[in-house]
Amino acid sequence: MMLNTTQNATVLLKRVLSLSDFSPLILCIDGIAQMANKLIDELVFTAQNASDVRIVYVSFETLNYPNFECDFIIADSFELEKLIEQIKSFLPTPQESITSKHLVILDAINSIPTTMISHFIASIASRHTSLLAVFHSDLPELPSPHTEHYPSSQELLSFMATSIIEVHPKISHTSTNDQLKEQISKSLIPRGLNNDIFEITLTNRRKSGRSLVYSLEIDAKKHVYEPVSRNDGDNETGETPEMLQDLTTFNLSTSAKQKLAKEQVDLPFLEAQSFNTGGAIVYQFEKDDDYDEEDPFEDPF
Amino acid sequence: MSFRRRGEVLNGREGSPRTIPGRVPTGAPRNARNGSLQSSKNEITHDVGHSQENRVNPMRRGLLSSPINSMAALNIGNNPRTPNIRNIETLDMNHPGIRPSPASSQQTTSTGSFDLDRVLGHMGLPLGNSMIIKEQGTTEFSAVLCKLFAAQGIMHTRVENLSSRSDNTHLCVISANQGFSKELPGVYKGSSKDIKKTRIAEEQSKVTVQNLSEQAAPTRYNDLKIAWRYKLGDENSSQQPKDNESSMMETEYKDYNHQFNITSRMVPAPTPSEISYVTPHQPTQGILSQLEQIIKKHDNKLIRLIIPSLLHPATYPPTSFRLSGIIPLLHGIRSLVKKYENRCVLLATMSSDLVDDFLLCEVESMFDAVIDLEPFSQEMLQFLEKAYKSQPNKVQHGLLHISKLPIFSERGEMHEMRSHYAFKNGRKKFAIEEWDIPVADVDDSDKENSSALPHGHEHANKGMCESTESRSSTNISIDF
Amino acid sequence: MTNVQRQDLVVFDDNSVISSALFSKETHSLISIASAPVTSPFWLISAIMEDLTLGVSNSFNETTESPPAKKYLGPITLVSFIHNAKYFANAFSKIKIPPSSYKVVDLLTDFVLKNSGMPNHKVLSNILKSIPDNQSSVIILEQPEILLSLLDGLTSDDLHRKLINPVMRRCKLLVVTTKLRSLIQETKDGIEASRFTACTYYKSMAILSLRPLETGRAKDVTGCLRITRGGSANTLDCQVQENEYLYFNQKENTRLFYR
């Protein structure tokens, strides 16, 4: 069963990246710790390998032409309506019947005001066109006083998207997620981020209405995807019968029936086992105490 | 307005030919301190001062002959109205209120508080620089520094001697309160005993004035200079032969810094020709153009811009508290100070409790030097009073934090010092010293008063720990 | 001993401060310098200026044995909201940067007087007009976020759209200095300011941050310089050499040590 889901994850990611299932809006949520550039490159690489894809790159952030071939639009030179027109000029009209796919990449949809997002996406989306929108999750956003009850950009986009890919840095063992967040909240960028190897969380919404969530690690240099198992740690603490095998000639393992019986036994001093009832010896080390840690017979109690 | 009249008043009443004991620049060697004490006790120990002077002089000569100074001297000197651009305008090299910074040789003017001058690292505030003094709580220590800064400017402009021109400084106060002039402190005349001695000396010097006209000016000028002088002992300079160039040098900074008595009032109060007011109740452009007019009108004068209680709600409307209200004003003023950097300094004070951290940070970024006063809480003061039972004059009033120092910080050096200094405001001096938790005194007083039980001793120690903690935190906890 | 520990400033993996690879392609790059209020980045700007004009950062790089790398000969424009032309002239003459190699656009002097009452877009377009357009140039922009305070109603997005991006288009390399501030802000102005910083980070290829030591003041360390990759995709032939230095700035000299 386990094996099955992991296979699913890689296959599914490949399908998403190669645009083989039509997906009107792929939302990519990133942050300064791991930007979506590498994922975009990966997606373009996979998609172009799979089939003929024409790409329109709408840039809000960079002035540099990307690594792949595309129609490049620098968004800030246009007002929003003009920008929509401009993008559309590179796209087929809905009436046309063409076989090639079209992909519009928006490198920072944060720049589009929350209230305009749905209009913007509706204007561009068509049955030939997929939209890949990058949203920076750690960009401070000002709540607009006029749209108090309107959803935030991220909520809005997540609601509309068919696939959501969250990009995370692969965190080394020395630093924790919290430390990373703390550093970034101070606008200090730690070293070793924005690497070629990173992790993603893929949320895929099926036509059936089901929504599947997978975690994967991507090596953008080698184009390799690996599922990440999040539930490590839990398994190691429990004692499994397999661990006791082959240790001795005695039979140490318990059968399922024996285990059940064992669990049902009420231990005599259950009450006393909850240590909060008092009577515990509380020892506080004092200055004059001479306690030798290395002496096994020295008992502080 | 004639200076003769003022001079007479000063001569008769305010003159004091000696340094105040205990007011010693820390940079001076220890024996110099002895010398000054001696000379203040005994009027005739001129030799001591003399010999010190000679020792000190080469250093000073070195400072003065730095290339920047000589260049500046070339630039202006005699023809102050250079037809060229305004930036070339520089002050008279003999301006009594400026001296080169020992650290950067930049021209620097005194803030009116010797200790603050020292803490700033330049023996003053370098020209073309701005400083903000923030104060936590509702105390008014920053107002004291503000008044000292103003009074020092007035003293400079009233200096009268041969080498430097009087009417050399102009104060420009951005405030609606024209009563500011009347609140300025007068010069400290010494203790009552000193004042009596001064009068006697005055009588003697009058005789000298009548007889030896040549010596008149220096002597009188010497009497004017009351408080602290740069290298101690130069109070005896009037005794030196006039042709000695080093004595000229010596007198160079003698009116640089004065000591003020904040319980007294400056007599006469500054006149409109010495101080101008610009009301903040007008659009930013109005304030800025008015300021620039004042600066231009008083060309060749040192302009001391003062903004007392910036963002005081009584003076500044709520719209000023918006970024686009206050920052353009400060940016404009910064622009002016830098535009006339050869003869302009700025001091602002504000209460840091009324604005949020973000605005405070933006305001600070417009200044070259940032100093923060954190007055002690009642509890802390009581603790200190207890600790310094035997020496009540040692009780400090608060901590002084430094965020930025002029010139150094801009270059990239680190000068943030939290809880490094403590200040105490006395009648005749705003003292800033290194902050130490009183340790020995507590033990002593404990032993003296109650035959120190180990328990009580421990208690005192506990108090110490707590105060160490409060020292590291910005706010002294109230439950101290 | 101290000589052994001293390090040269290296930002790119070809051992340079500003790699010549930046100028080899038709690209526009952004480097941001973020600094805490108490750690002024001026020495770093000087170092970049030295590297560009003299080919070596004399103020602290010691290894001068190798002949200076290819000097950058294109124009350099310094645009500042906090310093006037004279300040740069004084500072740069001390480190022997030829005055002919750079131009200063002084947006401090009389900026408020000149621009009061003008609509924001006009002010921004005037600023743009004053900045020369040269595809091969380097522009150093000091604290553009001050405009958020100076111009009423200006948003971070406006500033990026109408100033930062157009300026970037006018040069090969744009160096922007900003304030190091928390991205978690409570006030509206705070959010705008931190949004500006974050946006600058996304666009940067390298981020150089200067901050004081967390442990407090030290007598022989000014602060910490951290060099990290920014958010921008790097299409160039050189990579940012991520590094963290301790630096000590004293009497117009800077020394770097590895952390």
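You'll find chain B entered in an unreviewed UniProt entry as Elongator complex protein 4, with Zygotorulaspora mrakii given as the organism. Per UniProt, chain B has the following entry under Sequence similarities (unreviewed entry): "Belongs to the ELP4 family."

Chain A has the name Elongator complex protein 5 in an unreviewed UniProt entry, where Zygotorulaspora mrakii is given as its organism. Under the UniProt heading Sequence similarities (unreviewed entry), the entry covering chain A gives this text: "Belongs to the ELP5 family." Note on chain A: under the UniProt heading Pathway (unreviewed entry), the record states "tRNA modification; 5-methoxycarbonylmethyl-2-thiouridine-tRNA biosynthesis."

### Let's talk about the interface of chain A and chain C
The interface is formed by 36 residues belonging to chain A together with 37 residues belonging to chain C. Here chain A packs against chain C, burying approximately 3200 Å² in sum over the two surfaces, 54% of which is carbon and sulfur. Among the residues chain A hides against chain C, the three largest losses belong to A:Leu63, A:Pro140 and A:Arg191. Together they make up 20% of the total. Our count for the chain A to chain C interface comes out at three salt bridges. The salt bridge partner of C:Glu244 is A:Arg191, with a shortest N-O separation of 3.5 Å. Connecting chain A to chain C are 19 residue pairs in polar contact (both at pLDDT 80 or more).

### Describing the packing of aromatic side chains
Counted according to the given criterion, the structure contains 15 aromatic pairs over all chains. Relative to B:Trp435, the ring of B:Phe376 has its centre 5.1 Å away and its plane inclined at 45 degrees; by these criteria the two rings are tilted. One end of the pair, B:Phe376, is in the loop between β11 (369–375) and α13 (378–387); the other, B:Trp435, is in the loop between β14 (430–434) and α15 (440–449), with 59 residues separating them in the sequence. Using a relative accessible area of 6% as the deciding quantity, one classes B:Phe376 as buried. On the accessibility criterion, B:Trp435 (3% relative accessible area) is buried. Their ring planes at 85 degrees and their centres at 5.2 Å tell us that C:Phe92 and C:Tyr102 sit as a pair that is edge-to-face. Residue C:Phe92 is found in helix α3 (residues 85–94), and its partner C:Tyr102 is found in strand β4 (residues 102–106); the two are separated by ten residues along the sequence. This pair shows no difference in class: C:Phe92 is buried, exactly as C:Tyr102 is.

### Concerning a negative patch on the surface
Together, A:Glu286, A:Asp288, A:Asp289, A:Asp290, A:Asp292 and A:Glu294 make up a region of like negative charge exposed at the surface. Summarising the element assignment, A:Asp292 is placed in the segment after α10 (270–273).

### Here we look at unusual backbone geometry
A cis amide bond links B:Val267 to the next residue, B:Pro268, at an omega of -10 degrees. Along the polypeptide, B:Pro268 turns up in the loop between β7 (260–261) and β8 (275–278). For A:Ser187, which is not glycine, the phi dihedral falls at a positive 60 degrees. By secondary structure assignment, the location of A:Ser187 is in the loop between α6 (177–185) and β7 (197–205). If you check the backbone angles, B:Asn300 has positive phi at about 70 degrees while not being a glycine.

### A look at the packing of helix α11 (residues 323–339) of chain B against helix α12 (residues 357–364) of chain B
All names here are of chain B. Where α11 meets α12, the closest approach of the two axes is 10 Å, and the angle between their N-to-C directions is 15 degrees. In terms of orientation, α11 and α12 fall into the roughly parallel class. Crossing geometry of α11 relative to α12 is assigned as right-handed. For the pair formed by α11 and α12, the contact residues are Leu 323, Ile 326, Ile 327 and Leu 330 on the first element and Phe 358, Leu 359, Glu 362 and Val 363 on the second. By residue class, the composition of the contact of α11 with α12 is seven nonpolar, no polar and one charged.

Parameters and conventions
- Residues numbered from 1 in each chain as written.
- Chains lettered and ligands numbered in written order.
- Predicted model: local features only at pLDDT ≥ 70, side-chain atom pairs only at ≥ 80, totals over all residues.
- Heavy atoms only, no water.
- UniProt positions renumbered as here; feature names shortened; annotations may be inferred.
- Contact = heavy atoms within 4.5 Å.
- Buried area = accessible area lost by both parts, 1.4 Å probe.
- Salt bridge = Lys/Arg side-chain N within 4 Å of Asp/Glu carboxyl O.
- Polar contact = N/O pair within 3.5 Å; in protein donor to acceptor, adjacent residues only side chain to side chain.
- Phe/Tyr/Trp six-rings, centres within 6.5 Å; stacked < 30°, edge-to-face > 60°.
- Helix = DSSP H or I, 4+ residues; strand = E, 2+ residues; numbered from the N terminus.
- Buried < 20%, exposed > 50% of the residue type's maximum accessible area, 1.4 Å probe, protein only.
- Patch = residues over 30% accessible without salt bridge, like charges linked within 9 Å, V, L, I, M, F, W, Y side chains within 5 Å.
- Areas by Shrake-Rupley, 256 points an atom, 1.4 Å probe, with all protein chains shown as cover.
- Lys, Arg positive; Asp, Glu negative; His and termini not counted.
- Charge placed at Lys NZ, Arg CZ, Asp CG, Glu CD.
- Axes fitted to C-alpha atoms, helices over the stretch in contact; angles between N-to-C directions.
- Parallel < 35°, antiparallel > 145°, perpendicular 65-115°, else oblique.
- Left-handed = near helix turned anticlockwise from the far one by under 90°.
- Nonpolar A, V, L, I, M, F, W, Y, C, P; charged D, E, K, R; others polar.

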